[in-house]
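Fold and geometry: a report
Each chain, written out:
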Amino acid sequence: QVRLVESGGGLVQAGGSLRLSCAASGRTFSTYDMGWFRQAPGKEREFVAAIRWSGGTTYYADSVKGRFTISRDNAKNTVSLQMNSLKAEDMAVYYCALARNVGLSLLIRSSYDYWGQGTQVTVSS
């Protein structure tokens, strides 16, 4: 069983930055692909960013490209999301997710097997 715990959410002004972190339990974290999704009130959970197990390949939603950066530290079992130039439309609950089967499309929710409980990001304008 894998447990994912997000942290780093909070309140930030538009144009500001936040760094989200996700800590994963388990000794085989380095073999799994990871992703971040978000869900705003009344909307579907949507893909934000993902990173392959090696850290060599990353993916971003068009809406965050150039502003967000995903990274991972396999030695610490963590994946992070650096969010810069935040906008009101970035406000949502952010979820970390883990995909056990590597090689799948990381842009879709069904590729992921484990999810964290989420962390709220609030952007004030």
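This text follows the structure it describes.
One structure accompanies this document, and this report is about it. Predicted, not measured: the structure shown is a model, and the values here were computed from it.

1. Some remarks on the sheet that holds strand 7 (residues 68–73)
Taken in spatial order, the 4 strands line up as 1-3-8-7 in an open sheet, and their pairing is antiparallel. At either end of the open sheet lies a strand with only one pairing partner, and these are strand 1 (4–7) and strand 7. Averaged over all pairs of adjacent strands, the angle between strand axes in this sheet comes to 15°, irrespective of strand direction. With 6 bridges connecting them, strand 3 (residues 18–24) and strand 8 (residues 78–83) associate as antiparallel partners. Across the sheet, the residue bridging to Cys22 is Val79, located in strand 8.

2. Points about the state of the cysteines
Enumeration according to the criterion identifies 1 disulfide in this entry. Two residues, Cys22 and Cys96, share a disulfide whose sulfurs are 2.1 Å apart. Of note, the bridge from Cys22 to Cys96 carries an S-S torsion of about -75° and is left-handed in sense. Of this pair, Cys22 sits in strand 3 while Cys96 sits in strand 9 (residues 92–99), and the two are 74 residues apart along the sequence. Assessed through its relative accessible area of 1%, Cys22 is described here as buried. Assessed through its relative accessible area of 0%, Cys96 is described here as buried.

Scoring rules and cut-offs
- Residues numbered from 1 in each chain as written.
- Predicted model: local features only at pLDDT ≥ 70, side-chain atom pairs only at ≥ 80, totals over all residues.
- Heavy atoms only, no water.
- Pairing = 2+ DSSP bridges.
- Helix = DSSP H or I, 4+ residues; strand = E, 2+ residues; numbered from the N terminus.
- Axes fitted to C-alpha atoms, helices over the stretch in contact; angles between N-to-C directions.
- Disulfide = S-S within 2.5 Å.
- Buried < 20%, exposed > 50% of the residue type's maximum accessible area, 1.4 Å probe, protein only.

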